[in-house]
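Descriptive structure summary
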Amino acid sequence: VRAKHLVWIRRISQAFFLGLFLFLLVESRLPEDAYLQYSLVFSSDLDLRLSQPVTFFFQLDPLVWLSSLLSGHRLIQGFWWALGLLMLTLFLGRIFCSFICPLGTIHHIVSWVRPAIRGNRMTLANQKTPGHRIKYFLLITLLVGAGMGLNLAGLIDPISLLFRSLALAVLPAIGVGLKELFDVMAASDMKVLNYMSYGGEALVSPVFGYGYLAYKTAWFIGLIFLVILFLNRIRPRFWCRILCPLGALLGIFSRFSILRLEKDEATCTDCKLCSRRCQGAASPMPGQTWENAECLSCFNCFDACPEGALSFRFRWSPKSNRWPDMGRRAVLGGLVGGISLPLLGQLDGRAHHVSDPRLIRPPGALPEEDFLRVCQRCGLCMKACPTNVINPTLAEAGMAGFWTPHLIMTQGYCEYTCTLCGSVCPTGAITEISAREKIERPIIIGVAYINRGRCLPWSGNGPCIVCQELCPTSPKAIYLRKEIVPGPDHSPMLGNVPHVDLKRCVGCGICEHKCPVRGRPAIRVIAAGESRSLKNQILLTGSVS
Amino acid sequence: MDLNYPLTRRQSLKKIAQISASLAGAALGACPLLSQGLAKASTAGKGFIVEGIGSKQDYNIKDLAGKVFEAAGGIGQFVSRGDVVVIKPNVSWARRPALAATTNPEVVEAVIELCLDAGAKKVRIADHTIHDARRCFALTGVGIVAKRTGADLVFPRSSLMKRMKLHGHRLDVWPVFVPLVEADKVINLPVAKVHELSTLTLGMKNWIGGVGGRRNALHQDIHQSIVDLSRFFNPTLTLIDATRIMISNGPSGGSPSDVAVKNTLILSNDQVAADAKAAALFGYDPGEIGFIHFGQKWGLGTYDSQKLIQQRVVL
């Protein structure tokens, strides 16, 4: 194959996989025509599911597989994709980075569209630096940490990072902006603008999300993404070369790659075009030693060489490639980091003491310790949730649980018959349950309690039964009883006041969400009583545990 | 037309047309002719109530709905060729139809087909649901009904909620779900359920699903709010789906034991009368239910069935 063709094959592959990633990202939400697949709607119990395999890229990601295997001792569904990719890498090198990785493609585009540095300075920028070892340090920290029970891989895994950034920051930011524009148009007196608003919203919201999506700390997620993109101005594909732990993992696995760069020093005129276009700073120039583990197999050097001094060839010799240049410090630092972080992570007391009352996990979530071992913080559950209740945590779950999902009931509520989040979780941190299971077991995520000082009927400020009306269990966990309450002029009066039956409450939070007392509602849900935890129980139940 | 109440755009256009027509008529000296025409229109608007009961084991809901409309003089009486009809079911909860938390999709389908047979240009289904609308429309079956019949599903969106003057006794300005106002004919299609605060939720209370805004505050004066909203929306027809009714744990239900099968449809052009008839299915005296009582008091309709043309259909 000629070099030019190889480069074009690469570009087509990059475009395809970036497109596929964006398509699956957009499809990670309940569509408005969710009903279309359900012709049996009249008779059966249904679980609405997404129609696309939205977890594909997570299954393909060996870092997701390895970290959840090391940390949670479980094989994620569809892990053979990742296994297959590792096998491929073993023989062909880091072609994932240049042919498939959507984040890599975005970096590639950003550093290609407007390169900050040109000419000879680019050649210099594309030389290998000791900074390249940072990614090995990060990888070792992550994997050793995972082995010790702290799984932070998702924070910097490229697939999780990209999904989280786009799903929780970029798309909602654009979507809410457009929605505001449509609202202005809808409020206009001109009929044409009204229709345009309606049509525009119908067109845009399936892509950017329905309504006013909000995610806590999304600004921070977006900021990090912008910084990572900006780093391309310092050096092309800064992220891939210096920070990406998945790239480091694939670099290590490219040891036996049979696809090798052959250099012909005799024909080389030392023009350095190969170095100038090298994406990975892998020293492609004749005279330098080719860094197999740094090479992204983008075939740019092959394409750039005017003399034909470079070529990629399959060589079936048993001789293995250079071991990646990690440096002793990166390895030792990684070991120290990997051992100390899990120990430090326990110090905020989440594992051995009572958890934060606001830490309400999605229905079907594993017990906290197991949950943290496999959750990738990718944001897929948050994107899929139809009520926008699932949000990234900041400090609620401690350092170890930063950006893991939790439910903020003032922002949404967990719909009683909805089990979508568990069906999309790539690692099974939220197990897939059916609506029947959720209702009949039941799966309890917390319990509601009433603040009588704020509650309208309890404080004698008038009738209100919103929480009771909306309580979805049968019989209702919130019931009303006539009681004497203090009236407006301190005279006793008969009020119909709500009570919570702890034996029935599942913590769905619709009461908190719809309570007319906004901000800090008169009825709130806390995590106590969640069925996934043996410790966090309130009531004495029949079985001894 | 009562000018104390807000006009929709269509109504105001009609009104302007009427005024200019009457001015033109006055100029031609044809006043007596016009007033004759108006008098005729008011007799045609007499209240009626039709109760349809499916007594046979395997009665067909569509046939029953057809018979009920026939008894009321045929759907053609209410829906004209070229009309845009909006149907307001109660599909507030993402629950399967058998749990009676939502309007029976077969009834919705029957009514849409009748409207289309009558020559309606477009039929829309609109509801501002409590649960997520996508899940509600899917699980309650109205989504698939819309697909089968070609009706439009209108999703509640903030841009479709417009602040309008309700001129109610309690509610003045409130965000209204626009598609329910911008139609030629409005058919209210609620399901009959119990409710802790308003005792029952029937046709009139279904209009809480027709507005946006701080709906959870309406409960602080529920009966008057219901009457204000019913007066504002003023549907062409109310068809109460009592094929299955919810007798306990309302309005969300959730268990088959909360449901009673009544195989009944109640059709009326009088909102108060329809609700009163449905209240009897639960064993209530209509006068003791606040919003029915207020509805009559404020002249929305009557629960005195003697004042109405009554029909009964048994299938």
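No experiment lies behind these values; they were computed from the predicted model shown. (Residues numbered from 1 in each chain as written. Chains lettered and ligands numbered in written order. Predicted model: local features only at pLDDT ≥ 70, side-chain atom pairs only at ≥ 80, totals over all residues. Heavy atoms only, no water.)

**Details of the overall build of chain B**
This is how the line gets drawn: Put simply, DSSP marks the helices as runs of H or I at least four residues long and the strands as runs of E at least two long, and each gets a number from the N terminus on. Values of accessible area rely on a 1.4 Å probe in the Shrake-Rupley scheme; residue burial ignores everything except the protein chains shown.
Broken down by element type, chain B carries 9 helices and 12 strands. A total of about 12500 Å² of accessible surface is found on chain B, and carbon and sulfur atoms cover 51% of it.

**Describing the overall build of chain A**
Definition in use: In this description, contact between two residues means that some pair of their heavy atoms is separated by no more than 4.5 Å. Asp and Glu are treated as the negative residues and Lys and Arg as the positive ones, with His and the ends of the chain left uncounted. Each charge is placed at NZ for Lys, CZ for Arg, CG for Asp and CD for Glu.
A count of helical and extended segments in chain A gives 23 helices and 8 strands. In terms of its C-alpha atoms, chain A occupies a principal-axis envelope of roughly 100 × 65 × 45 Å. Across chain A, the fraction of contacts at a sequence separation of at least 24, relative to all contacts at a separation of at least 6, is 74%. Carbon together with sulfur atoms contributes 64% to the accessible area of chain A, which is approximately 23400 Å² in total. Charged side chains of chain A number 56 positive and 36 negative; the gap between the two group centres comes to 8 Å.

**A word on the confidence of the model for chain B**
Interpreting fine coordinate detail is not advised for predicted regions of low pLDDT. How we decide: Each residue gets a pLDDT score, which is the predictor's confidence in that residue and runs from 0 to 100.
Taken as a whole, chain B shows an average pLDDT of 86; of its residues, 86% reach a score of 70 or greater. In this model residues 25–44 of chain B is a low-confidence stretch, pLDDT under 50, and it forms 4 contacts with partners more than four residues away in sequence or in other chains.

**Examining the pairing of strand S7 (residues 492–500) of chain A**
Residue and element names in this part refer to chain A. Note the cut-off: When DSSP finds at least two bridges between two strands, those strands are taken to pair.
In this sheet, S7 lies alongside strand S6 (residues 478–486) in antiparallel orientation, the contact comprising 9 bridges. Its bridge partner being in S7, Lys482 is matched across the sheet by Asn496. Joining the antiparallel neighbours S6 and S7 is a turn of 5 residues, in which His490 adopts a positive phi near 65°.

**A few points about the interface of chain A and chain B**
One widely used convention gives an interface's size as the accessible area the parts lose upon coming together. Operational definition: Two parts lose some accessible area (1.4 Å probe) when they are put together, and adding that loss for both gives the buried area. Salt-bridge detection follows one rule: a side-chain nitrogen of Lys or Arg within 4 Å of a carboxyl oxygen of Asp or Glu. Side-chain atoms alone can form a polar contact between residues adjacent in sequence; in general such a contact is a pair of N or O atoms within 3.5 Å, and within protein one must be able to donate a hydrogen while the other accepts it. Three residue categories are used. Nonpolar comprises Ala, Val, Leu, Ile, Met, Phe, Trp, Tyr, Cys and Pro, charged comprises Asp, Glu, Lys and Arg, and polar comprises the others, including Gly.
Counting residues at the interface gives 52 residues for chain A, matched by 45 residues for chain B. Taking both partners together, chain A and chain B bury about 4100 Å²; carbon and sulfur atoms supply 54% of that area. Our count for the chain A to chain B interface comes out at 4 salt bridges. Here A:Glu201 and B:Arg157 are joined by a salt bridge, their closest N and O atoms 3.9 Å apart. Connecting chain A to chain B are 26 residue pairs in polar contact (both at pLDDT 80 or more). Listing elements by their share of the side of chain A that touches chain B, those giving two or more residues are helix H10 (158–187), helix H11 (191–208), helix H22 (466–470) and helix H23 (510–514) of chain A. Element by element, the count of residues in the side of chain A that touches chain B is highest for H11(A), at 6 residues. The residue inventory of the side of chain A that touches chain B, partitioned by class, reads 32 nonpolar, 9 polar and 11 charged.

**Observations concerning helix H8 (residues 271–281) of chain B**
Every α-helix carries 3.6 residues per turn, so stepping three or four residues along brings you back to the same face. Residues and elements named next belong to chain B. For clarity, the cut-off: A 1.4 Å probe rolled over the protein chains alone gives each residue an accessible area, and that area as a share of the maximum for its type sets the label: buried under 20%, exposed over 50%, partly exposed in between.
Counting buried positions along H8 gives 8 out of 11 residues, so the element sits mostly inside the fold. Inspection of H8 places Gln271, Val272, Ala273, Ala274, Asp275, Ala276, Ala278 and Ala279 among the buried residues, and these make up the whole buried set. One side-chain oxygen at the N-terminal end of H8 lies 2.9 Å from the backbone nitrogen of Val272; it belongs to Asp270. Looking at the residues trailing H8, positive phi occurs at Gly283, about 80°.

**Comments concerning the packing of aromatic side chains**
Residues and elements named next belong to chain A. Counted only if it meets this: Any Phe, Tyr or Trp ring, taking Trp's six-membered ring, that has another such ring centre within 6.5 Å forms a pair; planes under 30 degrees apart are called stacked, those over 60 apart edge-to-face, and the others tilted.
Scanning all chains against the criterion turns up 20 aromatic pairs over all chains. Note on Phe56 and Trp81: the rings are 4.9 Å apart at their centroids and 85° apart in plane angle, and the pair reads as edge-to-face. With Phe56 in helix H2 (residues 56–60) and Trp81 in helix H4 (residues 80–92), this pair connects stretches of sequence that are 25 residues apart. For the pair Phe58 and Phe163, a centre-to-centre distance of 5.6 Å together with 65° between the ring planes defines the contact as edge-to-face. Of the two residues, Phe58 sits in helix H2 while Phe163 sits in helix H10, which places them 105 residues apart along the sequence.

**Quick notes on the packing of helix H1 (residues 3–26) of chain A against H10(A)**
Helix-helix packing: each pair is described by the crossing angle between the helix axes and the interaxial distance. Residue and element names in this part refer to chain A. To keep things clear, this is the line we draw: Axis definition: a line fitted to C-alpha atoms, limited for helices to the stretch in contact. Angles are taken between N-to-C directions and run from 0 to 180 degrees. Should an angle fall under 35 degrees it is taken as roughly parallel, and over 145 as roughly antiparallel, whereas 65 to 115 is taken as roughly perpendicular and any remaining angle as oblique. For any pair of crossing helices, the crossing counts as left-handed if the nearer helix is rotated counterclockwise from the farther one by less than a right angle, and right-handed if it is rotated clockwise.
Running from N to C, H1 and H10 point in directions that differ by 55°, and their axes come no closer than 11 Å. As summarised for this structure, H1 and H10 are arranged oblique, according to the angle between their axes. H1 and H10 meet at a crossing whose hand is right-handed. Of H10, the residues touching H1 (which contributes Phe21, Leu22 and Leu25) are Ile159, Leu162, Phe163, Leu166, Ala167 and Leu171. Here the residues of the contact of H1 with H10 sort into 9 nonpolar, no polar and no charged.

**Some words on the environment of A:Ala173**
Within the secondary structure, A:Ala173 is located in helix H10. Along the chain, A:Ala173 and A:Leu63 lie 110 residues apart, while their C-alpha atoms are 29 Å from each other.

**Brief notes about unusual backbone geometry**
Residue and element names in this part refer to chain A. Following Arg441, the chain continues into Pro442 via a peptide bond in cis, with omega recorded as -25°. Tracing the chain through its elements places Pro442 in the loop between helix H21 (435–440) and strand S5 (447–450). The omega angle of the peptide bond from Ser474 to Pro475 is -5°, so this bond is cis rather than trans. Relative to the helices and strands, Pro475 resides in the loop between H22 and S6.

**Some points on the pattern of salt bridges**
Any two side chains of opposite charge can pair, on the condition that their charged atoms come close. Residues and elements named next belong to chain A. Throughout the structure, instances matching the rule amount to 33 salt bridges over all chains. With a closest N to O distance of 3.7 Å, Glu291 and Lys128 form a salt bridge. Of this pair, Glu291 sits in the loop between helix H15 (273–277) and helix H16 (300–304) while Lys128 sits in the loop between helix H7 (119–125) and helix H8 (134–147); the two residues are 163 residues apart in sequence, bridging distant segments of the chain.

**Notes on the side chain of B:Asp275**
Residue and element names in this part refer to chain B. Note on placement: Asp275 falls in helix H8. One buried charged side chain, Asp275, makes no salt bridge at all; its nearest oppositely charged neighbour is Lys205, positioned 10 Å away. Residues in contact with Asp275, not counting those within four places in the same chain, are Leu202, Gly203, Met204, Ile240, Phe291 and Ile292.

**Focus: a nonpolar patch on the surface**
Counted only if it meets this: Each patch is assembled from residues with relative accessible area greater than 30% and no salt bridge, linking like charges that lie within 9 Å and nonpolar side chains (Val, Leu, Ile, Met, Phe, Trp, Tyr) that lie within 5 Å.
Residues A:Met148, A:Leu332, A:Leu335, A:Ile339 and A:Leu343 make up a contiguous nonpolar surface patch of about 430 Å² in total accessible area. Considering the arrangement of structural elements, one finds A:Leu343 in helix H17 (residues 327–345).

**Things to note about the nonpolar core**
Cut-off, in case you're wondering: Take the buried Ala, Val, Leu, Ile, Met, Phe, Trp, Tyr and Cys residues and link them wherever side-chain atoms come within 4.5 Å; each set so joined is a nonpolar core.
By size, the foremost hydrophobic cluster in this structure holds 197 residues, and its most contacted members are A:Phe96, A:Phe312, B:Val111, B:Cys115 and B:Leu267. When residues in this core are grouped by element, the largest group, 11 residues, is from H10(A). With residues up to four places along the chain from it excluded, the contact list for A:Phe96 reads A:Leu60, A:Leu85, A:Cys101, A:Ile159, A:Leu246 and A:Leu250. If you look at the next biggest cluster of nonpolar residues, it comprises 51 residues, including B:Met204, B:Leu218, B:Val227 and B:Ile289.

**Considering the packing of helix H7 (residues 222–233) of chain B against helix H9 (residues 290–297) of chain B**
Residue and element names in this part refer to chain B. The contact between H7 and H9 brings their axes to 8 Å, and the two run at 50°. Comparing their axes, H9 and H7 come out oblique. Of the two possible hands of crossing, H7 and H9 adopt the one that is right-handed. From H7, His223, Gln224, Ile226 and Val227 reach across to H9, where they touch Gly290, Phe291, Phe294 and Gly295.

**Description of the side chain of B:His128**
By the secondary structure assignment, B:His128 is in the loop between strand S3 (122–126) and helix H5 (133–139). Beyond its immediate sequence surroundings of up to four residues, B:His128 is in contact with B:Ser92, B:Pro156, B:Met161, B:Phe177, B:Gly209, B:Val211, B:Gly212 and B:Arg215.

**Some thoughts on the state of the cysteines**
All names here are of chain A. Where we set the bar: The definition used for a disulfide is geometric: two cysteine sulfur atoms within 2.5 Å.
Going through the model one piece at a time under the given rule, you end up with 0 disulfides over all chains. There is no disulfide at Cys271, and the cysteine sulfur nearest it, in Cys305, is 6.1 Å away. Distance from the sulfur of Cys464, which forms no disulfide, to the nearest cysteine sulfur (Cys467) is 6.3 Å.

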